[in-house]
Amino acid sequence: MKKDFMTLLYEPKTKIGWVHGILACIGGFYLSFFSMMSLSYIIKADYAIKLLPTMISTPILICLFALWLLLCSTLLCCLKKILYATVLIIVSLFLSQVL
């Protein structure tokens, strides 16, 4: 079973097209929501000023993140990009609060 799972992760995306597409869409939504949520947390202003950039940027970032994830060669590469982007957003959020 472990061998089957590892071969699924390392197969090219032509064999796992639906899984790769759905993961790219979900990852795009997750990364754009998480990045805009952290941006609105960083901005120290009124709620209207916090909300406006988030509402405008989120659909654009969904498309960009999903396309970025869709261009990965394997499923493992896509998962690593989601993880690394999440860690980068968390670190930037932490650094903005410290500095």
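Residues numbered from 1 in each chain as written. Predicted model: local features only at pLDDT ≥ 70, side-chain atom pairs only at ≥ 80, totals over all residues. Heavy atoms only, no water.

### Focus on the packing of aromatic side chains
Here is step 1 of the chain: Tallying each qualifying case throughout the model produces 2 aromatic pairs.
Here is step 2 of the chain: Taking the centre distance of 5.9 Å and the plane angle of 5 degrees together, the rings of Y30 and F34 count as stacked. Here the residue Y30 and the residue F34 both occupy positions in helix α2 (residues 17-42), the gap between them amounting to 4 residues, near one helical turn.
Here is step 3 of the chain: Its relative accessible area of 37% is what places Y30 among the partly exposed residues.
Here is step 4 of the chain: Of the residues examined, F34 reaches a relative accessible area of 16% and is grouped as buried.
Here is step 5 of the chain: The ring of Y41 has K44 lying over it, and the distance from NZ or CZ to the ring centre is 5.6 Å. (Phe/Tyr/Trp six-rings, centres within 6.5 Å; stacked < 30°, edge-to-face > 60°. Helix = DSSP H or I, 4+ residues; strand = E, 2+ residues; numbered from the N terminus. Buried < 20%, exposed > 50% of the residue type's maximum accessible area, 1.4 Å probe, protein only. Lys NZ or Arg CZ within 6 Å of the ring centre and 35° of its normal.)

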